Every structure is written in C-alpha cells, then in structure tokens.
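# Fold and geometry: a report
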Amino acid sequence: MPLWTIYHPVDAYTPADRQAMAAAITTLYPILPKFYVGVVFHAMTPDTLFIGGEPRDNFVRIAVDHIARQFSDDDRRGRWLTWANTTLQPFLGDRGFDWELHIDETPPNIWLIQGMRPPGPNSEDEKRWIEANRPLPLTGA
Amino acid sequence: MPLWTIYHPVDAYTPADRQAMAAAITTLYPILPKFYVGVVFHAMTPDTLFIGGEPRDNFVRIAVDHIARQFSDDDRRGRWLTWANTTLQPFLGDRGFDWELHIDETPPNIWLIQGMRPPGPNSEDEKRWIEANRPLPLTGA
Amino acid sequence: MPLWTIYHPVDAYTPADRQAMAAAITTLYPILPKFYVGVVFHAMTPDTLFIGGEPRDNFVRIAVDHIARQFSDDDRRGRWLTWANTTLQPFLGDRGFDWELHIDETPPNIWLIQGMRPPGPNSEDEKRWIEANRPLPLTGA
C-alpha cells in the first residue's frame, strides 16, 4: 500500500523525473513505512493510450490502490486530494499534461509483505517498520 | 472513469484497430463525458501472458475500473454486459480470440481530473463537461 | 478470476520460470476452472519501479484481483495466504527478491468470459467448465 500505476507519454519524464515523482508521492504517506509506497511507470505510445476514443500524446493516467488505510470521512478525503494535487502539479499540469487519477481502496487483510501480513494501523510493530524502513519480524504488539 | 486495460497478443491489433476498439468502448458510456473513457493497450508476448498456467498467443484479457457510476441492479448490469459483448465482438470472438473481461467499481469520491473532483452524476456541471468534452471550472451546480 | 499482475526486474525470470510461476499460481485455485487463472508479467527496469521513492532492481510487486470467490472469514484468508506464500517462495524470497502482494475482491456479477456471465459457485455448469477446462454453453444448472 499504496500502489501507484502511472501511464504517461514516452518522452514525458526522464529517469530523474520519475524518481522525483516517486519520492513526491511517498511524501503523501507520512504515517506509513516509506517502503509501503510502490510506483510503477508505463511509457505509452499514442497508439496505445486513448482518451474518449482518441490517441493522446500529452495525457497522464494514474490508477492507485490504497491498502493500509481508508479515508474515514469526506473532509479528510478532500484535504488529502488537494494536497496530492499540489504535490503532483509539477509533474502534471505544470508540464502541460492533461491528466486523471483515481484511487481504489482494497482490503487490508489480503496483503503480504515478504510473507508477512503487515502490522495493524498505528501498532508498535508498524512503528518499528516505519523506523527501520523495512519489514521486521512481527511481535504481535 | 472508466479505465480499460487490455492485454492482447502482440500482433492482434493495428493502431487503427486499437483506435476503433477504443472508440467502440467509448460508445458504451453515452451518459458520460467522452473524455472520461480511458483505454490502455499492453501487447503481450506468449511468455508474459498465461491462462491456466499455459502461455497463450490468442487470448485477450481485459480489466476495467468503473468510477463515475455503479450499476443499480442486475437487470441493468446484465443488459449493459450484453451490449458490451456485442460491441466488442468484432475485436474479440470474431477474430478468433478467447477472452475474459472483469469490471471493478471504485469509489467516485477518490478521483481527480486535472485537479478537480469531477461533478456529480447528472449535475449541471457534468452536462457542461459532456457538451464541451473537456473539464471546465466547476460552478457547484 | 483471478488476474495476477506481476511487476518484476527485467532479468528476474526466464520464460520457463514464468510458466512455472503461472502454473504454481494456478494450483492455488483447485476449486476453479484452471482457465480462470490469468497471470501477466511486466518486466520493469529500475527506473520504472520505485519502492519508497527509490529505484529497485530486486523487488517483485504483485497485484491480484479475485473475482469468482471471496474469503468468507479470516481463518480461511490467513490459511490461504500462508499457502500462497509457501507456493510462491521459490520465485520470490528464495531468489533474494524483496516483494509485496495485495489482493482486491471485485464483483463477480460484472464479469464476462467469451460473452457469457460465468456460472455460479459450485453450480453444475461450473463443474462442467472445470472438467472441460474451457467455457461451455450454459445450461443454467
């Protein structure tokens, strides 16, 4: 959690841009272990990415799965989306791209990291994973 | 909404085929702005697409996220699936491909288009987006 | 159901490895027709796969959609995850990869296989599909 899948025009981003974008996305989840944040980039030629039936060479389409946490109410949801928008803007609108992003929330209890079911929200184990920035044996605390 | 992800054999479709297929998919959503309909194509070699554990060079696997609308009952769901099947047949069964398609419904309230949370179903703003076929500043109507 | 999407380092797996991994995944669903189990592999260069904002050349990220069945309770969920972990270990931890897997459960009633809505769980039609290992005309039984 989360997994970000980013479909972008072939020349949209350099490798350094992609790393900067992945790092920016990671900042959106300060309460989670950093290593929970996965980002994959798919470079799409215009004849493999269509919006409204038309090939597009300046569109970025982002699909996200949230696993570890769900938004508890629409105020938080709206504030987080505003924050995400501001954070991503340098990689999207500021570069002249049109874009769309949607997020799904998937069950936190069907999830494995290196064979372990990740610790519960705000548990002692989760705090240790955050501090170490890697999965550690679970104590159940 | 929606996002269609299509995994297909490498030589299954020409660029013109892909555009025709994306246009056909767009017709399945007449009540939505056309630009809501995203379609991405992934050309798969047989050693990267397996069905039942076997490599396949004649299988099309389609995964869809519906965001803006959810089916309200099984009658509508069934009729729409029949319509989708008829619409897609020229690109699937008629070409001798085996295929599978599944659709997920994701939360409409965790969704951004160019920084805006899209307008509600059948709102005045949504009608303006449909007519313009692009996102416009929201009036809240 | 299910659809497994596997993001892996470019040289992680040979074609034979991928087939063995897809076959191993298929064994995790003994109550389903084998042909329900789809697996797609995406080879990712380190500058297209980021974990915690860092490029990774030894990480396997797996995203799964379950369609035909949902876990009925956490005991079964936990046992199945343990089994999946054991089954996948030769392709993941045993090869020195870090990895993460998450599963979503999507609606079984928005799903088509070659134009048909697949038969219900444990129905006579499903048994015939299992035996034939291909979709057959539905009898409604």
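This text follows the structure it describes.
Residues numbered from 1 in each chain as written. Chains lettered and ligands numbered in written order. Predicted model: local features only at pLDDT ≥ 70, side-chain atom pairs only at ≥ 80, totals over all residues. Heavy atoms only, no water.

What follows concerns helix H2 (residues 74-88) of chain A. The end-to-end C-alpha distance of H2 of chain A is 21 Å, a good match for the 21 Å that 15 residues give at a rise of 1.5 Å each. Among all positions of H2 of chain A, only Arg77, Gly78, Trp80, Leu81, Ala84, Asn85, Thr87 and Leu88 of chain A are buried. Where H2 of chain A is buried, its residues touch strand S1 (3-9), helix H1 (15-27), strand S5 (59-66) and strand S6 (98-105) of chain A together with strand S7 (111-113) of chain B. The residue sitting at the N-terminus of H2 of chain A and contributing the capping side-chain oxygen is Asp73 of chain A; that oxygen lies 3.0 Å from the backbone nitrogen of Asp75 of chain A. (Helix = DSSP H or I, 4+ residues; strand = E, 2+ residues; numbered from the N terminus. Expected span 1.5 Å × (residues − 1). Buried < 20%, exposed > 50% of the residue type's maximum accessible area, 1.4 Å probe, protein only. Contact = heavy atoms within 4.5 Å. Polar contact = N/O pair within 3.5 Å; in protein donor to acceptor, adjacent residues only side chain to side chain.)

Chain B puts 31 residues into the contact, and the matching count from chain A is 28 residues. Here chain B and chain A share an interface that buries about 2,600 Å² over both sides, 57% of which is from carbon and sulfur atoms. When residues of chain B are sorted by the area they lose upon contact with chain A, Ile110, Leu112 and Gln114 of chain B head the list and together hold 26% of the total. Taken together, the links from chain B to chain A amount to two salt bridges. For Arg18 of chain B, the salt bridge goes to Asp47 of chain A, with nearest N and O atoms at 3.3 Å. (Buried area = accessible area lost by both parts, 1.4 Å probe. Salt bridge = Lys/Arg side-chain N within 4 Å of Asp/Glu carboxyl O.)

Let's shift gears to the pairing of S5 of chain A. Residue and element names in this part refer to chain A. Of all eight residues in S5, eight are buried; the element is thus mostly enclosed. Neither face of S5 is left uncovered, since the one carrying Phe59, Arg61, Ala63 and Asp65 and the one carrying Val60, Ile62, Val64 and His66 both have all their residues buried. Across five bridges, the pairing between S1 and S5 is antiparallel. In the sheet register, Thr5 faces S5, and the bridge partner there is Ala63. After leaving S5, the chain enters H2 and then returns to the sheet as S6, a path that is right-handed. (Pairing = 2+ DSSP bridges. Right-handed = clockwise from strand over helix to strand, strands pointing away.)

Limitation: the analysis is restricted to geometry and does not speak to function.
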